[in-house]
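A look at the structure
Here is what each chain is made of, one letter per residue.
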Amino acid sequence: MKISHKYLFLGLFFLLGIFFYLLKNNILVIKFLGFTKSNSSFIPNNSTSYKTNINLYYFKDYKFYKETREFVMFKDNIESIKHFIADWLLLLQSEKILKNNININSVLLSQQQDVVYLSFNKIFLDQEWSIFEKWNCIESLLKSLRETKFKFKDIVFLVDNKPMQDEHLDFSKPWSISGFYN
């Protein structure tokens, strides 16, 4: 075998090695158009995570405000809801609506996936607020969840996995996501 053939084979295997390395590390992606179901753009489904824009509402100075943000919807609905609520709480804290640092501890879905249980570390409603302010704070959360098109129907508000306690509002029963104004 000639030396030029050896260098040709060596160069060919070197290029094949680079090619397979790029494929393995997802640096090079090959899409076969013949195997796709449709030529439409990517449509998110439950099997993948994807970025989307969401509207987060909050009630301040007797008005509703809206903030649009990029949000990652996860494969797991519970994880998406937990991050959504955490983002909403951060928005309320940044707008100086909440005095204390409030976090979402856990999120659970009922077996039928129509009721979501939200457990916070503290009650997010200030005891000094009027009933009107408390209702509209909750309505801002419900409106945010409704527009994001989560598929559950009711919410149970908890603090440390026990029903939330408030002297004006009853949290012993689930709250409908349809809200007060619909």
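Structure first, text after, so check above.
About the cut-offs
Residues numbered from 1 in each chain as written. Predicted model: local features only at pLDDT ≥ 70, side-chain atom pairs only at ≥ 80, totals over all residues. Heavy atoms only, no water. Helix = DSSP H or I, 4+ residues; strand = E, 2+ residues; numbered from the N terminus. Buried < 20%, exposed > 50% of the residue type's maximum accessible area, 1.4 Å probe, protein only. Contact = heavy atoms within 4.5 Å. Expected span 1.5 Å × (residues − 1). Polar contact = N/O pair within 3.5 Å; in protein donor to acceptor, adjacent residues only side chain to side chain. Pairing = 2+ DSSP bridges. Right-handed = clockwise from strand over helix to strand, strands pointing away. Axes fitted to C-alpha atoms, helices over the stretch in contact; angles between N-to-C directions. Parallel < 35°, antiparallel > 145°, perpendicular 65-115°, else oblique. Left-handed = near helix turned anticlockwise from the far one by under 90°. Phe/Tyr/Trp six-rings, centres within 6.5 Å; stacked < 30°, edge-to-face > 60°. Lys NZ or Arg CZ within 6 Å of the ring centre and 35° of its normal.

**Quick notes on the overall build of the protein**
What the protein contains, in helices and strands, is three helices and seven strands. Seen in sequence order, the protein has helices and strands lined up from the N terminus as α-β-β-α-β-β-α-β-β-β. By residue count, 32% of the 182 residues in the protein fall in the buried class. Of the contacts formed within the protein by residues at least 6 apart in sequence, a portion of 56% connects residues at least 24 apart.

**Notes on helix α2 (residues 77-94)**
For α2, spanning 18 residues, the distance from its first C-alpha to its last is 26 Å, which sits close to the expected 26 Å at 1.5 Å a residue. Taken residue by residue, α2 has Ser80, Ile81, Phe84, Ile85, Trp88, Leu89, Leu91, Leu92 and Gln93 as its buried positions. On its buried face, α2 is in contact with β1 (50-60), β2 (63-73), β3 (104-109), β4 (115-120) and α3 (131-148). Two residues or fewer past α2, Lys96 is found with a positive phi of approximately 60 degrees.

**Remarks on the environment of Lys134**
Secondary-structure assignment places Lys134 in helix α3. Residue class for Lys134 comes out buried when judged on its relative accessible area of 0%. Distance from Lys134 to Leu169, taken between C-alpha atoms, is 8.4 Å for residues 35 residues apart in sequence. Those residues within four positions of Lys134 in sequence are excluded, and the remaining contacts are Leu125, Asp126, Gln127, Trp129, Asp166, His168 and Leu169. At 2.8 Å, the side chain of Lys134 forms a polar contact with the side chain of His168.

**Focus on the pairing of strand β5 (residues 154-159)**
It is a general feature of regular strands that their side chains alternate between the two faces of the sheet. Within β5, five of the six residues are buried, which leaves the element mostly enclosed by the surrounding structure. Across six bridges, β4 lies against β5 in parallel orientation. Opposite Val116, over in β5, you have Ile155 as the bridge partner. Read from β4 through α3 to β5, the crossover connection turns out right-handed.

**Structural notes on the packing of α2 against α3**
Where α2 meets α3, the closest approach of the two axes is 11 Å, and the angle between their N-to-C directions is 140 degrees. Regarding the angle of α2 to α3, the classification is oblique. Judged by the sense of rotation from one axis to the other, the crossing of α2 with α3 is right-handed. Residues Phe84, Ile85, Trp88 and Leu92 of α2 pack against Cys137, Ser140, Leu141, Ser144, Leu145 and Thr148 of α3.

**Some words on the packing of aromatic side chains**
Scanning the entire structure with this criterion turns up 15 aromatic pairs. Between Phe124 and Phe157, the aromatic rings sit 5.9 Å apart at their centres with planes inclined by 55 degrees, giving tilted as the arrangement. With Phe124 in the loop between β4 and α3 and Phe157 in strand β5, the pair connects residues that are 33 residues apart, well separated along the chain. Phe157 shares its class with Phe124; the two are buried. One aromatic cluster is present, formed by Trp88, Phe120, Phe124, Phe157, Phe171 and Trp175 through successive ring pairs. Positioned above the aromatic ring of Tyr57, the side-chain terminus of Lys143 is 4.6 Å from the ring centre. Over the face of the ring belonging to Phe64 we find Lys143, whose NZ or CZ atom lies 5.8 Å from the ring centre.

**Comments concerning α3**
With 18 residues, α3 should reach 26 Å at 1.5 Å per residue; the first-to-last C-alpha distance of 26 Å fits that figure. Within the sequence span of α3, burial applies to Lys134, Asn136, Cys137, Ile138, Glu139, Ser140, Leu141, Leu142, Ser144, Leu145 and Thr148. On the buried face of α3, the contacting elements are β1, β2, α2, β5 and β7 (175-176). Looking one or two residues beyond α3, the residue adopting positive phi is Lys149, at roughly 65 degrees.

These results come straight from atomic positions and should not be treated as a statement about function.
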